[in-house]
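Observations on the three-dimensional arrangement
Each chain, written out:
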Amino acid sequence: MLRILHDTNYDFIRWWKVMAAITVAFILLGLGSLAVKPPNYSIEFTGGTLMQLTFTQPPDVGEIRSALDDAGIHGAEIQQFGTNRDFTVRAQDPKQVAAQASGASNIANVIEGVLKKKFGEDGVKVGRREAVGPRVGQELKRGAIIAILLSFLITLVYLSIRFEWRFAAAAVIATSHDVFTTIAFLKLMHLEISLTVVAGLLTVLGYSLNDTIIIFDRVRENLRKGRKETLYETLNRSINETLPRSVLTHATTFAATLALLLFAGEVIRPFAWVMAFGIVTGTFSSMYVAAPVLLWIERKWPRKTGARQSSSTATPTSRTRRSPATATR
Amino acid sequence: MSLKWRIAIIFGLIAASFWALFPRTAVERVKRNGEFVYDTVRRVPLKLGLDLQGGMHLALTVDESKGAVPDKEKAIDNALKVVRNRIDEFGVAEPLVQKAGNDRIIVELPGIDDPIRAQDVVQKSAFLEFQITDETQALEKALPRIDAALKDAKVTVATATPAATADTNKAGLQSLFTADTSKKADSTKKDSTAATGTVGGPGAFSKLLQQGQMPGEYYVAQTDVGTVTQYLALPQVAAVLPPGKVVRWSSDTVSLGNRVYRRLYVLDAKPIITGEYLTDAKPNTSPTEGNIVEFTMNNEGARRFRAETGRHVKDFMAIVLDQRVMGQPPVIQNAIGARGQITMGGKDLQAAQDLALVLRAGSLPVPLKVEDLTQIGASLGKDSIHAGITAGIIAVVLVVVIMLGYYRFSGALAVAALALYILYTLAALAGFGAVLTLPGLAGFVLSIGIAVDANVLIFERIREELAHGKTVRTAIDEGFRHAMSAIVDSNVSTALTAAVLYQYGTGPVRGFAVTLLAGIAASMITAIFVVRTFYMIWLNRSREAQTSLSI
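This is a predicted model, so every value here is computed, not measured.

A few words now on the interface of chain B and chain A. Taken residue by residue, the interface counts 72 residues in chain B and 79 residues in chain A. Buried surface at the junction of chain B and chain A, summed over both partners, amounts to about 6600 Å²; 63% is from carbon and sulfur atoms. A salt bridge links D453(B) to R245(A); its shortest N-O distance comes to 2.9 Å. In this assembly, chain B and chain A are joined by 14 residue pairs in polar contact (both at pLDDT 80 or more). Contributions of two or more residues to the side of chain B that touches chain A are made by α4 (115-123), α6 (166-173), β18 (368-376), α11 (378-431), α12 (438-467), α13 (472-504) and α14 (507-541) of chain B. Residues belonging to the side of chain B that touches chain A are distributed by class as follows: 38 nonpolar, 21 polar and 13 charged. In terms of strand pairing, strand β4 (residues 124-132) of chain A meets β18(B) through five bridges, oriented antiparallel. When the bridges of β18(B) are listed, E130(A) appears paired with T374(B).

The following block contains the structure:
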């Protein structure tokens, strides 16, 4: 039997202060960088025009730019997208978005026209064109935020029913932490925030929540066993007991993510990056956010039955027996 | 549940999956030699999204830039019917036209290779009006006031900005110095506009106009079209325009000497008749007028038309399509009946065909604008499918290696279950008619990695139970029992998130949510039910196997 990290007894939670400092620093770095420069939103959110072009010959980016400038499309972002013959052109500054509002595809048609003129009718092929009005973007932004908040709310209710509100709150706080770290990651990686990336973010939240639930499920079970130990110890024990599962599942998920990252193409790559980071932040938050927050909540709002014992959960000196009923209420 | 039943259910699901995924014949509209024909095709019934098969997605909404629309929802409902008619006539395999929200129409056209034309057909209002040109010189009388209004407003808007019309919109993007002689390059610059003979004096506005050949007709140099359009759009100018009249551009340009002009018409605001009485429209080519569209009106329309034209004999009648005057207004010789024609002014036969098409399908009750457009080439879609499948295969191989390497025999059971997971998920997607999109494909590949989580949870539990000295049979039972709460809770909460995504997501993200939901259901079935059954078969087959389990 091949075993990884079997029967371990690490005191994971001991390091929570260090870990908290690291993650807060990371989030602040990301948010600080956001304050300096806003994130790259895809045209789905800002409105604008995106063209994915394939040239027969590797073109000179300067030539593409000058062709666009000649057509009055200034400040368009031209990016290589895959091979040196594939490029994307993004025209998304507010002026062009406003100009486009009266007829969304006009700019795309102008871009296609000038590039065909410059590189020949067969010299450039339009693989994809997207033109989005400003209103659609606003609605998507609102939709994404509603989706995240609503999924939190539903999770909170579901976990409150299946566990209890303390667990639910700790899980949701851990998941919100992942929202912030992932946003920081997106910013620091200069990834564009597109709908697909938002879907990736929501997948990360689901994945991280899974991880937290697996550990909390163990905590719930260990509490029922009524061992003579503090919640601190129970949490540590539960993390250790679920460690082999965590390693295996993260390995298979990472394998799938790696396959996406390397083989699924440019469109999917940002999604794969978000997921790769999600595995890290999801694991981290289950151990170092969910668990310490649960301890904190427990100290602040001890359980009604056996309140005296619970209030001292964070101090390892008092070893009290918890009745199974208190854990499941 | 007895083992026999379990096996029967698993095979039943497999059979159902194969049935759901089996290539079947369907009558479809397919494009052959550039023409759409109905044909029976045989294919796997898995619907691909536009991002995978190529095509075009349009979101249309009411264009209120030229005046507010009172009852938007009703207008959209009516517009929906018209758009649907047009798309049906346009000929696309499996088009989708539906209302989204209260004020939006979603049009999806798979496999479209001429996006500009398709968009034109959908968006053209095709609002046909017959209006009499102004006989009262109303504009000339108003010119001093317009000039004064411009002076008061201290207009400095000489450079072209995206104004009211589509043509000037393009011009706004065109650099001023590269303006070529083509029609769309009607960019303007005030400094370069020399007065070309004036109508009413040296005013900013009047100096740009020249009297035309008939009452209510003016010539504007092509280079000044943008400026004039802008002036007319100014609220101060709009306020002093003659009441009861409207100002419309001609659809084409004319050359006089070496200069290109566009005609501007002042028309009676109330049309004598509109296109709503049209029953048929056909493209044709006339030797004298080039491409034309001939139209026929119904009885009521013909009666009105006859009465109105009878009243306006010797007047000039402008045929106005989407606020553009088509050709030069003909003089009404005598009352006209049910038939008439529109000259296309040098445009090609396809333009005449498309115009006839939109006239037949009916005019849009409100102008629509494209709010959102996505067009994906078929080859890009194919590349995406290839890349997605490659990634999927690699993911499967990696996961199989990990599971076999770590769990050996039990891992093999999990791998067999994974194969069923893939089959069930695809079948569920096909069965529910879900659309597979690129993010959905990515989600599916990712789910291959996540799907084994339930197995991992169970196997780790079984290991723990074995370590506690339980027998193989008990350890397996206990392992499944203890892992259950974790599996259920984690999957249900993921499913809830996916449901939210489905509710609030659009297009590709929705496809992603559907794949996620199908995957969760399939992984719970395979990990809990199928693997359990495999263990039961294994336990039943050999007595001595019960003493040790390869896990």
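Before going further, it helps to examine the packing of aromatic side chains. Under the criterion given, the structure shown has 21 aromatic pairs over all chains. Taking the centre distance of 5.6 Å and the plane angle of 70° together, the rings of Y10(A) and F12(A) count as edge-to-face. Ring centres of F480(B) and Y535(B) lie 6.2 Å apart, and the angle between their planes is 80°; this geometry places the pair in the edge-to-face category. Pair noted here: F480(B) is in helix α13 and Y535(B) is in helix α14, with a separation of 55 residues, a long-range link. Like F480(B), the residue Y535(B) is buried in the burial classification. Over the ring of F163(A) we find R220(A); its NZ or CZ atom is 3.9 Å from the centre of that ring.

Turning our attention to the nonpolar core. The tendency in soluble globular proteins is for nonpolar side chains to be buried as a group. With 105 residues, the main nonpolar core has L260(A), M403(B), F459(B), I462(B), I476(B) and Y535(B) as its most contacted residues. Among residues more than four places away in sequence, those in contact with I462(B) are A475(B), I476(B), G479(B), F480(B), Y535(B), L549(B) and I551(B). Counting residues in hydrophobic clusters, the runner-up holds 54 residues, among them A126(B), L128(B), A281(B) and V366(B).

Sheet strands line up and pair through hydrogen bonds in the backbone, either parallel or antiparallel. All names here are of chain B. One open sheet holds the eight strands; their spatial order is β8-β9-β11-β10-β16-β15-β7-β12, and the pairing between them is mixed. Every other strand in the sheet has two partners, leaving β8 (209-211) and β12 (273-274) as the edge strands with one partner each. Relative to strand β15 (residues 317-321), strand β7 (residues 128-132) is paired through five bridges, and the arrangement is antiparallel. Paired with F130 across the strands is I319, a residue of β15.

Let us now look at the pattern of salt bridges. Evaluated as defined, the whole model comprises 30 salt bridges over all chains. The residue E229(A) makes a salt bridge to R237(A) at a minimum N-O spacing of 3.2 Å. E229(A) sits in the buried class, given a relative accessible area of 9%. One salt bridge in this structure joins E308(B) and R311(B), with 3.5 Å as the shortest N-O distance. A residue pair is termed a helical-turn pair when its members lie 3 or 4 positions apart in one helix, as E308(B) and R311(B) do in helix α9 (residues 299-311) at three residues. Note on E308(B): relative accessible area 18%, which makes it buried. Classification of R311(B) by relative accessible area gives exposed; the value is 60%. If you follow the salt bridges from partner to partner, you end up with R218(A), E229(A), R237(A), E241(A) and E464(B) in one network.

A few words on the packing of helix α8 (residues 195-225) of chain A against α13(B). The interhelical angle for the contact between α8(A) and α13(B), taken along N-to-C directions, is 155°, at an axis separation of 9 Å. It follows from the interaxial angle that α8(A) and α13(B) lie roughly antiparallel. Remark: the crossing between α8(A) and α13(B) carries right-handed chirality. Across the interface between the two elements, L202(A), G206(A), L209(A), N210(A), I213(A), I214(A), D217(A), R220(A) and E221(A) from α8(A) touch H482(B), S485(B), A486(B), D489(B), S490(B), N491(B), S493(B), T494(B), T497(B) and L501(B) from α13(B). Its residues assigned to classes, the contact of α8(A) with α13(B) shows six nonpolar, nine polar and four charged.

Calculation notes
Residues numbered from 1 in each chain as written. Chains lettered and ligands numbered in written order. Predicted model: local features only at pLDDT ≥ 70, side-chain atom pairs only at ≥ 80, totals over all residues. Heavy atoms only, no water. Contact = heavy atoms within 4.5 Å. Buried area = accessible area lost by both parts, 1.4 Å probe. Salt bridge = Lys/Arg side-chain N within 4 Å of Asp/Glu carboxyl O. Polar contact = N/O pair within 3.5 Å; in protein donor to acceptor, adjacent residues only side chain to side chain. Helix = DSSP H or I, 4+ residues; strand = E, 2+ residues; numbered from the N terminus. Nonpolar A, V, L, I, M, F, W, Y, C, P; charged D, E, K, R; others polar. Pairing = 2+ DSSP bridges. Phe/Tyr/Trp six-rings, centres within 6.5 Å; stacked < 30°, edge-to-face > 60°. Buried < 20%, exposed > 50% of the residue type's maximum accessible area, 1.4 Å probe, protein only. Lys NZ or Arg CZ within 6 Å of the ring centre and 35° of its normal. Core = buried A, V, L, I, M, F, W, Y, C linked by side-chain atoms within 4.5 Å. Axes fitted to C-alpha atoms, helices over the stretch in contact; angles between N-to-C directions. Parallel < 35°, antiparallel > 145°, perpendicular 65-115°, else oblique. Left-handed = near helix turned anticlockwise from the far one by under 90°.

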